[in-house]
Structure formats: structure tokens, C-alpha cells
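Chain and residue survey
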Amino acid sequence: MTSRQTLRRLALAALLGLPASVHADGELNLYTARHYDTDTALYDAFEETAGVTVNVIEDKAGALIERIKAEGVNSPADVFVTADAGNLMNAAADGLFQPTVSETLEARIPANLRHPDGLWFAFTKRARVIMVREGVDATGLERYEDLADPRFDDTICIRSSGNVYNQSLVGSLIAANGEEATAAWVRGLVGNMAREPESNDTGQIKAVAAGECEIAVANTYYLARLARSDDPANVAIAEAIDVVLPNQGDRGVHVNISGAGVLAHAPNAGNAVLFLEFLASDEAQRAFAEGANEWPAVEGVAHAEILDELYGDFVQDDVDAWAFGADRGKAQDIMEANGWK
Ligand code: FE
């Protein structure tokens, strides 16, 4: 090791509050379902500081899970990074993660945002909120539960029951209200849809702005991305949207996560833990969240200004992410059984 590498290692150790004797030689193989330039910059920063070569494989979450399963004990993957507690719980249910014991991660990541056995940790938060076309009378639309109210007949755009964000949202409704009430809610919501589910979250927002429907359900970062776009047409779409932050008088807005865990057969498990601890540092939290227009999982770290402009402060549902993530299968069954295509 060169003295430059030693200095970097000491700098990283100091940054993370780790003993300087931490060894971070070699490689780290990341399988990630996130695809942001800022993430790549962070991997470079970790590589620079820790003296570890970071190799990145990008794909969709489901494809990466299948790949890790197929590779089995010979998998080179050390860390799996993905959005949504549902995806993390899918990987956990398949036995893909090993438990990580880290005082740093336990101290910095709130307990409701990490797996109780240390299988994965959240690094950012996003919320799934209601978006209404400016000028539409949304009186009485204050809770997710209200989306099933017949007064909103033929007004709602939302994507399919196969979408993991919706499965996690319905998982949170099961956690709050039980299965029977959630089934009735799904029937009401389906009855209020302005069209059969199609397209992605951005597609729902655009449909509201275009007048195809009046109400959409979408993740916070999609509206933020439109608002920050260089394309004036996207900015105009964002400006046509009013945000309803649901359930402010009770459990709060449904919050989901992006997270990561160390894989069961990780060849470089020590580096993997060091990388997760790096992601929990103030600097990495700021960059990881800012680039994706999300909120950092670590409390007290600053987020992108656009989030204050669009959403401000709001009450967040602090139900355990592993709980609604684990309910996603049940959620999907209830959605499909009650007509959500
Ligand atoms: Fe997304």
C-alpha cells in the first residue's frame, strides 16, 4: 500500500469514526437497481478514500435478485442496493442477505428504517403522496382512506397492482387498518379510477396535468424531478400540480426507502460493511439523497431545497419499513382479488 492510500484510509476512518486499523484493501462488488450519476460519484469517492476498487452492476431490482439467486454461493456480489422496502424484503425472504452488526449503522439509521436482524438498512426516504390538478376542489381528500370515497368517482389515476410502490402503500394500509378494511378500500379506489392502470408515476402526474384525471398517487421525487427539469414543459406540468399530504391528523404520510444490505456469500464482506457505514456518513447521505430528490435516512442531514418548496415539513408514518415490505405479497393478493389491474 502506498502512503497516499494509507492517508486515504485514515481519512475515511476519521470520517466514519472508525479505528484507523480498519482494513479496506481489495474490491467491492455492488449490484444496484439505482441509476443516478450522484450514486456513481459516491462510489468513486468511496473508491478514492478507502482504496477499494468498486465494481458496479446495474439492473432492475427483480432481475438482480434472480441473478444473485442463480449465482448462489459463487456470487461475486457483496452489496445489493435497491429502492423500496418491498424489494429489500423480497431479497431477505429469498435468504440473499447476511446480518450486519455495526454500531455506526445502528446509531445512525432509525430503527424503523432498518431490518431488525441487520439484513438491510435504509439510506434514503421518499413519500407516496396525493397530487391534484391546480383548481380542482379536493375538499374532503385528507387521508389515503378518502381515495375510496364515492365523491371522487372517475377522478383517480394510479399505476397497476403489480407496482411495488403501490404494494408497499397497501401494505401500510393493512398495517394501519387490517385486511378487511383494506380490501373494501381497494374496491372503492378501483371504482374511482378515471382509467385502467397504465404507465409509471411520472405518467400519472402528466395525466393529471393534461386533464385526463384530477387526482394521482405518486412518489415525491418524480414531481421534484419535473420541477427541477431543464425542459420548460416539465416545469409547467409540476406547476399545474397541488400536493395533498395525507393523514396529517393521524398516522402520517406513507414513507418508503432506498436501502442496501450485505449479501450472504459476499466475498468482500468487510468492505461491504465499510461501504454501508460510508453511505451513512453525513456527506454521503447528503449526496445520495440530493441526487435522487429524496430525504436522507439519517436525521439532521440536509436535503434538496425543492423538497421544502413542494412538501415542507409533514407528519410521516413511522411504521416499520420491514413490516409493510413483508406485507406486500398479501397486499398484492388483496389488490388483485378486488379488481385492481
Ligand atoms: Fe421510482
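As the structure is a computational prediction, the values presented were derived from the model and not from experiment.

1. A look at the pairing of strand E1 (residues 27-32)
- Taken across its six residues, E1 has five buried, putting it largely inside the fold.
- Pairing geometry for E1 and strand E2 (residues 53-58), over six bridges, is parallel. Paired with Tyr31 across the strands is Ile57, a residue of E2.
- Handedness of the crossover joining E1 and E2 through helix H2 (residues 37-50): right-handed.
- Judged from the three bridges that link them, E1 and strand E3 (residues 79-83) form a sheet pairing that is parallel. For Leu30, the partnering residue across the bridge sits in E3 and is Val79.

2. Things to note about the environment of Ile257
- With respect to the secondary-structure elements, Ile257 resides in strand E8 (residues 255-262).
- According to the relative accessible area criterion, Ile257 is buried, its value standing at 0%.
- With 39 residues separating them along the chain, Ile257 and Pro296 place their C-alpha atoms 9.5 Å apart.
- Residues contacting Ile257, with those up to four places away along its chain left out, are Ala83, Asp84, Ala85, Leu88, Leu113, Trp120, Ala122, Thr124, Lys125, Arg126 and Ala321.

3. Describing helix H8 (residues 201-209)
- Where burial is concerned, most of H8 is hidden: seven out of the nine residues are buried.
- What H8 keeps buried is the set Asp201, Thr202, Gly203, Gln204, Ile205, Ala207 and Val208.
- Positive backbone phi, approximately 90 degrees, marks Gly211, located one or two places after H8.

4. Focus on the domain arrangement of the protein chain
- Domain annotation of the protein chain identifies domain 1 (4-125 + 257-303) and domain 2 (126-253 + 312-337).
- One C-alpha centre belongs to domain 1, the other to domain 2, and the line joining them spans 29 Å.
- Counting residues at the interface gives 22 residues for domain 1 and 21 residues for domain 2.
- Counting the surface lost from both domain 1 and domain 2, the interface buries some 1,700 Å², and carbon and sulfur atoms represent 53% of this.
- When the area that domain 1 buries against domain 2 is broken down by residue, the three leading residues are Asn112, Asn293 and Trp295, summing to 32%.
- On the surface where domain 1 and domain 2 come into contact, there are two salt bridges.
- Note that Arg228 and Glu290 form a salt bridge whose closest N and O atoms lie 3.7 Å from each other.
- Run the count over domain 1 and domain 2 and you get eight residue pairs in polar contact (both at pLDDT 80 or more).
- Per-element accounting of the side of domain 1 that touches domain 2 gives the leading share, five residues, to helix H4 (residues 85-93).

5. Remarks on the pattern of salt bridges
- Per the stated rule, a full pass over the model turns up 21 salt bridges.
- With a closest N to O distance of 2.8 Å, Glu196 and Lys341 form a salt bridge. Taken together, the residues span a long stretch of sequence, with Glu196 in the loop between helix H7 (179-192) and H8 and Lys341 in the segment after helix H15 (328-337) at a distance of 145 residues. For the residue pair Glu196 and Lys341, the accessibility class agrees, reading exposed in each case.

6. A word on H15
- Buried within H15 we find Arg328, Ala331, Ile334 and Met335. Seen end-on, H15 carries its buried residues on one side only, within an arc spanning 120 degrees. The outward face of H15, more than 90 degrees from its buried face, is lined by the exposed residues Asp333 and Ala337.
- Of the surrounding secondary structure, the elements contacted by the buried residues of H15 are H4, helix H6 (164-177), H7 and helix H14 (321-326).
- Gly339 sits one or two residues past H15 and shows a positive phi near 95 degrees.

Conventions and cut-offs
Residues numbered from 1 in each chain as written. Predicted model: local features only at pLDDT ≥ 70, side-chain atom pairs only at ≥ 80, totals over all residues. Heavy atoms only, no water. Buried < 20%, exposed > 50% of the residue type's maximum accessible area, 1.4 Å probe, protein only. Helix = DSSP H or I, 4+ residues; strand = E, 2+ residues; numbered from the N terminus. Pairing = 2+ DSSP bridges. Right-handed = clockwise from strand over helix to strand, strands pointing away. Contact = heavy atoms within 4.5 Å. Domains from an automatic or database assignment. Buried area = accessible area lost by both parts, 1.4 Å probe. Salt bridge = Lys/Arg side-chain N within 4 Å of Asp/Glu carboxyl O. Polar contact = N/O pair within 3.5 Å; in protein donor to acceptor, adjacent residues only side chain to side chain. Arc of directions from axis to C-beta.

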